[in-house]
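Now for the letters of each chain:
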Amino acid sequence: MSQANSSRHNTEKRLNFFMHCLGKELYSLRKCQKKSIKAVAKDTEMSPRIISKIEKGLYENFYVTRLLRLCKYYNVDMVEMLSRAEYKDRNNTI
C-alpha cells in the first residue's frame, strides 16, 4: 500500500470511528429522553432507518443539517454534541 493510500485509509478509519462516537452520543440522548426511534423520526421528519444508521455510525451521507435537527430536537447544543463525540474519539472510549 502506498503512503497516500495508507494515509487515506487511516483518515477513513478515524472518520468512521468519530461517526460511531457521535452516533453513540445521539443514541444515549434518545434513550435518556425515553424516546423511540419512530417518535424521533416523526418529530424530526427523518426516516427511522436514517436515525438508526446515524446512531450506529453507519450513515454515509450524514449532513450537518440532520445533526442540527437532531440536536434541536434533543435540546442540546451542536458544538457540545460534537465535543462529546470528539472526547470519546480522542480517548477511544465508547
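For the structure, see preceding data.
All of the points below concern the structure found in this document. (Residues numbered from 1 in each chain as written. Predicted model: local features only at pLDDT ≥ 70, side-chain atom pairs only at ≥ 80, totals over all residues. Heavy atoms only, no water.)

## Thoughts on the overall build of the protein chain
Here's step 1: Scanning the protein chain from N- to C-terminus turns up five helices and zero strands.
Here's step 2: Ordered by position from the N terminus, the helices and strands of the protein chain form the series α-α-α-α-α.
Here's step 3: Summarising its shape, the C-alpha atoms of the protein chain cover approximately 45 × 25 × 20 Å along the three principal directions.
Here's step 4: For the protein chain, buried positions account for 34% of its 94 residues.
Here's step 5: Taking contacts inside the protein chain between residues at least 6 apart in sequence as the whole, the part at least 24 apart equals 66%.
Here's step 6: Roughly 6600 Å² of accessible area belongs to the protein chain as shown, and the carbon and sulfur atoms make up 50% of that amount.
Here's step 7: When the 19 basic and 10 acidic side-chain charges of the protein chain are each reduced to a single mean position, those positions are 6 Å apart. (Helix = DSSP H or I, 4+ residues; strand = E, 2+ residues; numbered from the N terminus. Buried < 20%, exposed > 50% of the residue type's maximum accessible area, 1.4 Å probe, protein only. Contact = heavy atoms within 4.5 Å. Areas by Shrake-Rupley, 256 points an atom, 1.4 Å probe, with all protein chains shown as cover. Lys, Arg positive; Asp, Glu negative; His and termini not counted. Charge placed at Lys NZ, Arg CZ, Asp CG, Glu CD.)

## Here's the deal with the packing of aromatic side chains
What describes a pair of aromatic rings is the distance from one ring centre to the other and the angle between the planes of the rings.
Here's step 1: Tallied over the entire structure, the rule returns one aromatic pair.
Here's step 2: With a centroid separation of 5.3 Å and 70° between ring planes, the pair formed by Tyr73 and Tyr74 is classed as edge-to-face.
Here's step 3: When its relative accessible area of 4% is taken as the criterion, Tyr74 is described as buried. (Phe/Tyr/Trp six-rings, centres within 6.5 Å; stacked < 30°, edge-to-face > 60°.)

## Side note on the packing of helix α2 (residues 37-44) against helix α3 (residues 48-55)
Here's step 1: For the pair α2 and α3, the least separation of the axes is 8 Å and the interaxial angle reads 115°. Regarding the angle of α2 to α3, the classification is roughly perpendicular. Where α2 crosses over α3, the two elements pack in a sense that is right-handed. Contacts from Ile37, Val40, Ala41 and Thr44 in α2 reach Pro48, Ile51, Ser52 and Glu55 in α3.
Here's step 2: Counted by class, the contact of α2 with α3 contains five nonpolar, two polar and one charged residues. (Axes fitted to C-alpha atoms, helices over the stretch in contact; angles between N-to-C directions. Parallel < 35°, antiparallel > 145°, perpendicular 65-115°, else oblique. Left-handed = near helix turned anticlockwise from the far one by under 90°. Nonpolar A, V, L, I, M, F, W, Y, C, P; charged D, E, K, R; others polar.)

## Thoughts on the packing of helix α4 (residues 64-74) against helix α5 (residues 78-91)
Here's step 1: Running from amino to carboxyl end, α4 crosses α5 at an angle of 105°, the nearest separation of the two axes being 9 Å. The orientation of α4 with respect to α5, classified from their angle, is roughly perpendicular. Side by side, α4 and α5 meet where Val64, Leu67, Leu68 and Cys71 of the first sit next to Met78, Met81 and Leu82 of the second.
Here's step 2: A breakdown of the residues in the contact of α4 with α5 according to their chemical character gives seven nonpolar, no polar and no charged.

## A word on the pattern of salt bridges
Here's step 1: Applying the stated criterion across every chain yields a total of six salt bridges.
Here's step 2: Among the salt bridges present, the one from Arg14 reaches Asp89, with a minimum N-O distance of 3.0 Å. A residue pair is termed long-range when its members are at least 10 positions apart, and Arg14 in helix α1 (residues 3-32) and Asp89 in helix α5 qualify at 75 residues.
Here's step 3: A salt bridge links Glu86 to Arg90, with the nearest nitrogen and oxygen atoms 2.7 Å apart. Residue Glu86 and its partner Arg90 are located together in helix α5, separated by four residues, close to a single helical turn.
Here's step 4: Residue classification places Glu86 among the partly exposed positions, given a relative accessible area of 33%.
Here's step 5: The class for Arg90 is exposed, based on a relative accessible area of 63%. (Salt bridge = Lys/Arg side-chain N within 4 Å of Asp/Glu carboxyl O.)

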